[in-house]
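# Remarks on the overall topology
Residues per chain are reported as follows:
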Amino acid sequence: MHTQDGRTVTGRAEMALVGAVAGLAIWALVEHLPDVLTHPHAYLAMTSFVAGFFAVLMGLSGPYRVVSAALPALWLSALAAVLLTWAGWRFDTLDAFSDAMHPIMAWGVFITIGTPFAAALLRDHHSLRDYGHLFDVSWSILVRYSAGWLFAGLFWAVLFMSNALLEIVGLTIIEDIIDIDGVPFVITGFALGLGLSVVHEMREYLSPFLVLRLLRLLVPVVLGVVLIFVVAALAQDPGDLFGNLSRTATLLFVGLTMISLVSISLDRGDADAVQSRWMRLCTAALALLLPVIAGLAIYALWLRVAQYGWTPARLAAGCTAAIVALYALTYAVAVVLRGPWMARIRQANILVAVVVLGTAAAWQSPLLNAERLSTQSQVARIESGAVPVEDMALFELAHEWGKPGKAGLASLEQGAGQSSPELLAEIERARSIDMHWQFKNGMNNRLAASRARDIYENLTVLPEGAEVTLAMLEDLPDYWLRRWSENCPINTETGCVLLTAAFSSEVSSLHGILFVPEDMHDFEAFGVFVERGTLSVGENLAPFGGKDVTVAQVRSILDGHFEVAPGSRQSLWIGDFELAPEF
């Protein structure tokens, strides 16, 4: 017993020390390494290597001795650091690289997926194909890290409480220690390492078993929701289903949830999988529905890309959709072939995990250079002339897509920009403005001014001299400006017509009715009012009797054949046709 207690204390001390060193190393990387390694890519390589090394080492330590876990942690973190640094060469600065985020996320995926395989190598090479071992290691690391971070949070809570208690008697020992540079990092690492060690010791009591059993209960619930969704989705027109909104992220999240629940239900082997016939049928049905969700996600993404082109975020969604589709295909085939379908899915999980690992590596290499592919897509769209200025990804090319984006912007400047002064001006402005919201606001303001000018040039205001200015139009909401700037020139004979008159004696503002062409024959009518230099738009007026305003009636107004006279209230009368603005 004494020997066992000694091993326990030694193991805890070892893990606590590793955690403390990890915290100290992270602090040094953040606070002091930039002064030593001034080259951004060297700094990126060192930071990613050290962070990855300690993350893998602490994940493997416990089930394996620290000394044994060090070697696989070393080569996995080194490979991940090389890949992330490779991706970093796409950007000129670390700030631009960190703002992009997706290479860091790919690095995290590579480390996360690679750690169970590294653990398998600690056992023997055959364990790389042992799904049960990989399954246990993956969930064990997740549970240990979750409990470890929870313990670190509680450790800090106790520390703060203790400090508050000692301050009552005038002692600031704890606060003084915490204020020392690097100490908070060391304390956090110490608590995390200690927590990981204790969780491993208590693995018989705090294991993934309980979590997995609870998550299995969600299988029938998710199956029911997905089944209802699929039936409703297949009954609708795809255009109505997706409309102008991207549903890709939601569908992919649902797909990943289904994959997780199927894998959880099948567990590490048939003996540990769901046993009741009902639950196995639910799991199989969930696997068979996965291709529908994957197909809808791919279709939703395709609609978005066809409309707006590729961006790094859409490329990431595309890779995720492809992986979900691969899961869906293998799961569906495994179930349809019947027999040992659960064993087939488990082996498919290993193969797809390798594909995910390879995809994460390729994402950080030139094979899947998201910035280059996005730039090519957006430049091609702009050069085709099919993209309005407000939808051009000029700011992204200038600031967010690294060296490929800047090269694409230079190509536009030398190409399509030579025949478009407006495009050249927007390119220069995109380069000169550092904040995206400032760029968009400036573009929106110029678009508003341009659209207001288009409306004003095609607008007849009656009576002459009525106080309606270009500045008033510029302040209108964008959706009116966009719509009316397109509609006013439709009927070149009349354009838009704004008739102002004293429709009400009870209010001081000037009221009117704006006539906007729908086509060459009919007009929409909107109630408007002018007060203190501001033009406001009211209701879209439904003509009394349900009739449309015709081009002949608008011509009558222009010719002066109308009157403002009482009806049910003061109204505009065009012959026997009555309109009244809504106040």
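Not measured: the values here are computed from a predicted model.

So, on to a nonpolar patch on the surface. A cluster of nonpolar residues, Leu165, Ile168, Val169, Leu171, Ile173, Ile177 and Ile180, forms a patch on the protein surface that exposes about 710 Å² of accessible area. Taken together, the elements giving at least two residues each to the nonpolar patch come down to helix 7 (131–168) and helix 8 (173–178). Looking at where Ile177 falls in the secondary structure, it is placed in helix 8. Judged by relative accessible area, Ile177 falls into the partly exposed class, the value being 42%.

So, on to empty space enclosed by the protein. Gaps left between atoms show up when a probe the size of a water molecule is rolled over them. Within this structure, the stated rule accounts for 2 cavities of 30 Å³ or more. Here the largest cavity defines a volume of roughly 70 Å³. Along the walls of the largest cavity sit Ile455, Leu459, Leu473, Leu476, Trp484, Leu498, Leu514, Val528, Leu535 and Val537, which together make up its complete lining. Residue composition of the lining of the largest cavity, by class: 10 nonpolar, no polar and no charged. In this structure, the second largest cavity spans a volume of roughly 40 Å³. If you go around the second largest cavity, the residues you meet are Pro40, His41, Leu44, Gly88, Phe91, Asp92, Thr93, Leu94 and Phe97. Sorting the residues of the lining of the second largest cavity by element identifies helix 3 (40–60) and helix 5 (94–100) as the ones contributing at least two each. Counting residues per element, the lining of the second largest cavity draws most heavily on helix 3, which supplies 3 residues.

Quick look at the pattern of salt bridges now. Across all of its chains, the model carries 14 salt bridges by this definition. Two residues, Arg431 and Glu413, come together in a salt bridge whose shortest N-O distance is 3.0 Å. Placement of Arg431 in helix 20 (residues 421–432) and of Glu413 in helix 19 (residues 402–414) is noted, with a sequence separation of 18 residues between them. Note on Arg431: relative accessible area 32%, which makes it partly exposed.

Moving on, we get to the nonpolar core. Among the nonpolar cores identified, the biggest contains 43 residues, and Met258, Leu286, Leu290, Tyr331 and Ile345 are the most heavily contacted of them. At the level of secondary structure, the elements contributing two or more residues to this core comprise helix 11 (218–234), helix 13 (248–266), helix 14 (277–308), helix 15 (312–336) and helix 16 (341–363). Every residue in contact with Tyr331, bar those within four places of it in the chain, is listed here: Ile259, Val262, Ser263, Ala287, Leu290, Ile345 and Asn349. In terms of nonpolar packing, the next biggest core, distinct from the first, is built from 41 residues, Ala25, Ala87, Leu196 and Ala360 among them.

Time to look at the state of the cysteines. Scanning the model with the defined rule gives 1 disulfide in all. For Cys488, the disulfide goes to Cys496, at an S-S distance of 1.9 Å. Taking the sign of the S-S torsion, about -100° here, the bridge from Cys488 to Cys496 comes out left-handed. On the basis of relative accessibility, which here comes to 1%, the residue Cys496 falls in the buried class.

For the rest of this paragraph, the subject is the side chain of Glu371. Relative to the helices and strands, Glu371 resides in helix 17 (residues 370–383). There is a polar contact of 3.0 Å between the side chain of Glu371 and the side chain of Arg90. Dropping the residues within four chain positions of it, Glu371 is found in contact with Arg90, Phe91, Ala100, His102, Pro312, Trp401, Gly402 and Pro404.

Relative to the helices and strands, Arg203 is located in the loop between helix 9 (183–201) and helix 10 (208–216). Residue classification places Arg203 among the partly exposed residues on the basis of a relative accessible area of 46%. With 254 residues separating them along the chain, Arg203 and Glu457 place their C-alpha atoms 77 Å apart.

Another point: the environment of Glu390. As for its placement among the helices and strands, Glu390 is situated in the loop between helix 17 and helix 18 (394–400). Glu390 sits in the buried class, given a relative accessible area of 12%. Sequence separation between Glu390 and Glu426 is 36 residues, and the spatial gap between their C-alpha atoms is 9.7 Å. Among all residues touching Glu390, those that are not within four sequence positions of it are Lys440, Met443, Leu447, Arg451 and Arg482.

As a further point, take the packing of helix 11 against helix 14. The N-to-C vectors of helix 11 and helix 14 enclose an angle of 40°; their axes lie 9 Å apart at closest approach. Comparing the axis directions of helix 11 and helix 14 gives the class oblique. The crossing of helix 11 and helix 14 is left-handed. Seen from helix 11, the contacting residues are Val219, Pro220, Val222, Leu223, Val226, Leu227, Phe229, Val230 and Ala233; seen from helix 14, they are Trp278, Met279, Cys282, Thr283, Ala285, Leu286, Leu289, Val292, Ile293 and Leu296. A class-by-class count of the residues in the contact of helix 11 with helix 14 yields 18 nonpolar, 1 polar and no charged.

The next point concerns helix 15. Three or four residues apart is the spacing at which side chains of an α-helix point the same way, because the helix has 3.6 residues per turn. Its 25 residues place the ends of helix 15 36 Å apart at the C-alpha level, agreeing with the 36 Å of an ideal helix rising 1.5 Å per residue. One or two steps after helix 15, the chain reaches Arg338, where phi turns positive at roughly 55°.

Of all 8 residues making up strand 3 (residues 510–517), 7 are buried, and the element is well covered by its neighbours. Strand direction decides the pairing type here: strand 2 (residues 496–501) and strand 3, joined by 5 bridges, are antiparallel. Note that in strand 3 the partner of Val497 across the bridge is Phe515. The antiparallel pairing of strand 3 with strand 4 (residues 522–531) creates a hairpin that spans 4 residues between the two strands.

Definitions and limits used
- All chains use their own residue numbering, which begins from 1 and follows the written sequence.
- Since the coordinates come from a predicted model, pLDDT governs what is reported: local features require at least 70, and pairs of side-chain atoms require 80 or more to be given and counted, while whole-chain, interface and lining totals use all residues.
- Think of the side-chain values as coming from all heavy atoms in the structure, minus any hydrogens and water.
- Each patch is built from residues that are more than 30% exposed by relative accessible area and take part in no salt bridge. Like charges join if they lie within 9 Å; nonpolar side chains (Val, Leu, Ile, Met, Phe, Trp, Tyr) join within 5 Å.
- Accessible areas in this description were obtained via Shrake-Rupley with a 1.4 Å probe; residue shielding takes into account the shown protein chains only.
- Note on definitions: salt bridges are taken to be side-chain nitrogens of Lys or Arg within 4 Å of carboxyl oxygens of Asp or Glu.
- Strands here mean DSSP runs of E at least two residues long; helices mean DSSP runs of H or I at least four residues long; both are numbered from the N terminus.
- Note on exposure labels: buried denotes an accessible area under 20% of the residue type's maximum, exposed denotes more than 50%, and partly exposed covers the range between, all computed with a 1.4 Å probe on protein chains only.
- A pocket here means an open set of points on a 1 Å grid, computed over the protein atoms alone, that has protein on both sides within 12 Å along at least five of seven lines. A cavity is instead a set of points where a 1.4 Å probe fits but cannot get out; residues with an atom within 4 Å of a point line either one.
- Grid points are joined across faces, edges and corners, and a volume is the space filled by probe spheres set on the points.
- Classes in brief: Ala, Val, Leu, Ile, Met, Phe, Trp, Tyr, Cys and Pro nonpolar; Asp, Glu, Lys and Arg charged; the others, Gly included, polar.
- Residues grouped as a nonpolar core are buried Ala, Val, Leu, Ile, Met, Phe, Trp, Tyr and Cys residues, joined through side-chain atoms within 4.5 Å.
- By the convention used here, residues are in contact when the closest approach between their heavy atoms is within 4.5 Å.
- When the sulfur atoms of two cysteines come within 2.5 Å, that pair is taken as a disulfide.
- Two N or O atoms form a polar contact when they lie within 3.5 Å of each other; inside protein one atom must be a possible hydrogen donor and the other a possible acceptor, and for residues adjacent in sequence the pair counts only when both atoms belong to side chains.
- Axes here refer to lines fitted to C-alpha atoms; in helices the fit is confined to the stretch in contact. Angles between the N-to-C directions go from 0 to 180 degrees.
- Angles are sorted into four bins: roughly parallel if under 35 degrees, roughly antiparallel if over 145, roughly perpendicular if 65 to 115, and oblique for all others.
- Note: crossing handedness is left-handed where the near helix turns anticlockwise from the far helix by less than a right angle, and right-handed where it turns clockwise.
- Expected helix span is taken as 1.5 Å per residue step, with the number of steps being one fewer than the number of residues.
- Strands are labelled as partners when DSSP assigns at least two bridges between them.

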